[in-house]
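One-letter residues, chain by chain:
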Amino acid sequence: MRAQFRNRIRLVLACVVFVALLIVVRLYFVQIVHEQDYSQKADRQFASGGSGLFDRGSIYFTRKDGALISAATLQTGFLVALNPQTLTNPEAAYLAISSVASSSIDHNTFLAAAAKKSQIYIEVAHRLSGTDGQTLSAMNIPGVQVLRERWRYYPGATLASQSIGIVSYGSGDTLAGRTGLEAMYDTTLTRSGDALYKNFFAEIFSNVGNLLVSVNDAREGDVVTTIEPEVQTRLENDLAKVNQRYSSKESGGIIMDPATGAILALASYPAYDGNNLQSVDPTVLGNPLVEHVHEFGSIMKPITMTSALDAGVITPETTYTDTGCITVNKATICNWDMKARGVIPMRQIIMQSLNVGASWVATQLGQEKFHDYFTKLFGQRTGIDIPNEGVALLDNINKSQQINYDTAAFGQGIAVTPIQMIRALGAIANGGVMVQPHLVSAIHLDSGITRSLDWNQNIQVFSVTAARETTDMMTALVDEKLENGKAKIPTTSVAAKTGTAQLVDGHGGYDKNRFFHSFTGFFPSYNPRFIILLYTNDPQGVQYASETLDATFLDLVHFLIDYYAVPPDRGITQ
Amino acid sequence: MDKNFHHTSYATTPRKRVVLLGMHNFFSLFSFSLPKICFGTITGLVVIYIGLIAVVMSYATLTIEFSQSVRNDEAKVATLESRYLKIVEHTTAIDYAAAGYALPIAKIFVPAKSVTALR
């Protein structure tokens, strides 16, 4: 019995010794034979294993057929990092790396990083393609680590860049949306750190509720915009041509559905490429169509006219005596050509863009009503889903001098943002109802639910009749005056108005040789699908908007009619 | 009298004796040894624990691989979308007049049933 017990003890001891030997042999291979491999692996985990790869929701354009095209998404690739302590031959390593990714690494930067022997991890190149990264990794260069990386990617590059916005570190160490929709919908687009995967069993023990109904899934998602990529491309292309041809300071444009406020295209020139921000001028990162205010000039006349028609102080048949120039509060207001027209009806004020006529209409309307209409139209932000929306400068119509109202009637002395302007003009197109302009139609939540956004905060500012009467005048302008009637489209009615404003000279007055050109229009006139607003700031060598923006406006009208197959509303051959 | 009666009836009741013998056989089949019960329980728990670890690790690995592959596919789609948008830009920038095309002299619209879904 005792001998049997001793044998058992020996057997157990032998097993223990055998296992211990196995462990010692294993440790020998781990620590001695494969020491370098494991130390490199440990370095990598120490340096970058703690944080997961960058993750963020997508932003989509919506094509006319409803297909979603990424405006902002994620790209996957590799980064190259050095461990100067284990990097034995920097020159050889550089040659090997540059043979794979020559454009990614600067020679001097690489050698400077390799010389920092006190550090174990220095990133020297980012955004290598998958093929380059795998080739480099296969070279197995001592002291060179090739790690997976993910970053924000904008497939359209400059396309709608100022609306989409950017993601950057800002002042902190967290990547977040800083401008545009990236900033506006940052809460929706941001992914919490554990979003990559969930440990099901750990979740059971730690947070059963979160496993069943995830708070993040109800908040995180992708953003679907109303921007149509081909329309946006066309608008950007046209604006770039105008800006380059006339050496303007900037040019911008918006194409919107006047019935819903859905913006199909919103562009400004110059723009930037969100994939390459190193050389970008920070002043172009914002969205001038939403942030900046301008004196728009004569495209304000249809608004003055509709206000007066709505108030009942004039009718389309009302006449006035146009003297060419008038003096108000010791200031002189003249028509663009200084010529008197005599007794003429209201429609000629719009068709011939008469400043004296617009001032006469403002006088008929009266200061109080003028103030009420313009405050209703421009007195508050539009609520568009782009950050840093500007506010209109309407101080002049809070004063009692009539000259301020007379000049505001033709768009001088008050300044509004382009988005406010198109919203106000949209009320004429939309039967007197002012809609809320917006860029996002829906959120695709990670939970699988699609949440449509409610943009139905409509305001009735004009009567249907007043809006239609002004539309008649603007349609007559295109049919009879624009390009001397050659711009008329026999099968589609188009309503439009040009605007030329003098720019301020910085000394309290206006520069006689520098202008702000604007152009607006909508079509088909009496059931409009689109409203367009264009402007170009300080074009050189040209005075009137009809010279700079005519062709651009008409190109967009014809493009939209063809692209959307807009049915004719007149001149149909039976 | 009552005492004798009880003694006699208890000793001679055959049915109850059979039940007791049956119980004895049952317990002898699963002899209740405390170390054995503990050992069995621990063995079971260890097997379950190792199984859970294996399942959790496999689940985590699969989830990571799946989410990585989804992101990789998204990146490939983004590259294709970039190409599509470049083609749109190229098409938009083409000057058709310079390329030898001319605008139609006139367009005539006639009532017809729509032949596309994009109306």
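Residues numbered from 1 in each chain as written. Chains lettered and ligands numbered in written order. Predicted model: local features only at pLDDT ≥ 70, side-chain atom pairs only at ≥ 80, totals over all residues.

So, on to the overall build of chain A. Helix and strand content of chain A: 22 helices and 20 strands. Against the globule reference of 25 Å for 574 residues, chain A gives a C-alpha radius of gyration of 33 Å, more extended than a compact globule. Here the C-alpha coordinates of chain A stretch approximately 130 × 55 × 55 Å along the principal axes. A total of 574 residues make up chain A; the buried ones form 43% of that total. (Helix = DSSP H or I, 4+ residues; strand = E, 2+ residues; numbered from the N terminus. Rg over C-alpha atoms; globule rule 2.2 N^0.38 Å. Buried ≥ 20, exposed ≤ 12 C-beta atoms within 10 Å, placed from the backbone.)

Another point: the overall build of chain B. Per the secondary structure count, chain B includes three helices and zero strands. Shown N-terminal to C-terminal, the secondary structure of chain B runs as helices and strands in the order α-α-α.

In this section: the nonpolar core. Residue and element names in this part refer to chain A. In terms of nonpolar packing, the biggest core is built from 123 residues, with Val 361 and Leu 425 touching the most fellow members. It is helix α19 (residues 418-429) that provides the largest number of residues to this core, a total of eight residues. The residues touching Leu 425, leaving out its near neighbours within four places in the chain, are Ile 299, Pro 302, Ile 303, Thr 520, Ile 531 and Leu 533. Of all hydrophobic cores here, the second largest spans 17 residues; its members include Leu 79, Phe 110, Val 124 and Ile 141. (Core = buried A, V, L, I, M, F, W, Y, C linked by C-beta atoms within 7 Å. Contact = placed C-beta atoms within 7 Å.)

Here we take up unusual backbone geometry. Residue and element names in this part refer to chain A. In this model, Tyr 269 is joined to Pro 270 through a cis peptide bond whose omega is 5 degrees. Inspection of the secondary structure puts Pro 270 in the loop between β9 (263-269) and α13 (288-291). Note the cis peptide between Phe 523 and Pro 524, where omega equals -20 degrees. As for its placement among the helices and strands, Pro 524 is situated in the loop between β19 (510-523) and β20 (530-537). Here the phi dihedral of Ala 565 falls at roughly 50 degrees; this positive angle occurs in a residue that is not glycine. Locating Ala 565 in the fold gives a position in the segment after α22 (550-563).

As a further point, take the pairing of strand β18 (residues 495-504) of chain A. Residue and element names in this part refer to chain A. Buried residues dominate β18, accounting for seven of its ten residues. By the bridge criterion, nine bridges tie β18 to β19 in an arrangement that is antiparallel. Looking at β19, one finds that Gln 502 is bridged to Phe 515. (Pairing = 2+ DSSP bridges.)

Contacts between the two partners involve 27 residues from chain B, matched on the other side by 28 residues from chain A. In terms of residue class, the side of chain B that touches chain A is made up of 16 nonpolar, five polar and six charged. (Nonpolar A, V, L, I, M, F, W, Y, C, P; charged D, E, K, R; others polar.)

Mapped onto the elements of the fold, Lys64(A) is located in the loop between β1 (59-62) and β2 (68-82). Counting along the chain gives 200 residues from Lys64(A) to Leu264(A), while the straight-line C-alpha distance between them is 9.5 Å.

Okay, the confidence of the model for chain A next. The predicted model of chain A averages 90 in pLDDT, with 93% of residues at 70 or higher. Overall, residues 46-51 of chain A carries pLDDT values under 50, and its contacts beyond four positions in sequence, including any with other chains, amount to four contacts. (pLDDT = per-residue confidence, 0-100.)

Turning our eyes to something else, we now look at the domain arrangement of chain A. Each assigned domain of chain A is listed with its residue range as follows: domain 1 (75-152) and domain 2 (229-276 + 283-561). Taking only C-alpha atoms into account, the centre of domain 1 of chain A sits 54 Å from that of domain 2 of chain A. (Domains from an automatic or database assignment.)

Okay, α19(A) next. Owing to its 3.6 residues per turn, the α-helix brings residues three or four apart onto one side. Residue and element names in this part refer to chain A. Taking 1.5 Å of rise per residue, the twelve residues of α19 would be expected to cover 16 Å, and the 16 Å separating its terminal C-alpha atoms lies within 8% of that figure. Judged by how many residues are buried, α19 sits mostly within the fold: twelve of twelve residues are covered. Once α19 ends, the next one or two residues include Gly 431, with phi positive near 65 degrees. (Expected span 1.5 Å × (residues − 1).)

Moving on, we come to the confidence of the model for chain B. Residue and element names in this part refer to chain B. For chain B, the average pLDDT comes to 76, and 65% of its residues sit at 70 or higher. Averaged pLDDT values over the elements of chain B bottom out at 44 in helix α1 (residues 2-11) and peak at 90 in helix α3 (residues 34-93). When the criterion is pLDDT under 50, residues 1-21 qualifies, and its contacts beyond four places in sequence or with other chains add up to zero contacts. Reported confidence for the predicted complex is 0.80 by ipTM and 0.83 by pTM.

Residue and element names in this part refer to chain A. Two strands pair when backbone bridges link them, and strand β7 (residues 221-225) and strand β15 (residues 440-445) are joined in this way by five bridges, in the antiparallel orientation. Counted as the bridge partner of Asp 222 is His 444 from β15. Two elements, β15 and strand β16 (residues 450-452), share three bridges in a ladder whose sense is antiparallel. Residue pairing for β16: His 444 is matched across the bridge by Thr 450. Count of turn residues in the β15/β16 antiparallel hairpin: four residues, of which Gly 448 carries a positive phi of about 100 degrees.

Turning next to the packing of helix α3 (residues 90-100) of chain A against helix α5 (residues 130-139) of chain A. All names here are of chain A. Where α3 meets α5, the axes come as close as 9 Å, and the angle between the chain directions of the two elements is 150 degrees. The pairing of α3 with α5 is recorded here as roughly antiparallel in orientation. The handedness of the crossing between α3 and α5 is right-handed. The segment α3 lies against α5, with Ala 96, Ile 97 and Val 100 engaging Asp 132, Thr 135, Leu 136 and Met 139. Residues belonging to the contact of α3 with α5 are distributed by class as follows: five nonpolar, one polar and one charged. (Axes fitted to C-alpha atoms, helices over the stretch in contact; angles between N-to-C directions. Parallel < 35°, antiparallel > 145°, perpendicular 65-115°, else oblique. Left-handed = near helix turned anticlockwise from the far one by under 90°.)

On to the sheet that holds strand β8 (residues 250-256) of chain A, then. Residues and elements named next belong to chain A. Pairing is antiparallel in the open sheet, where five strands are placed in the order β9-β8-β20-β19-β18. What marks the edges here is a single partner per strand, and that holds for β9 and β18. Strand-to-strand, the axes of this sheet are offset by a mean angle of 10 degrees, without reference to chain direction. Along the sheet face, α22 touches β18, β19 and β20 and points at about 155 degrees away from the line of β20.

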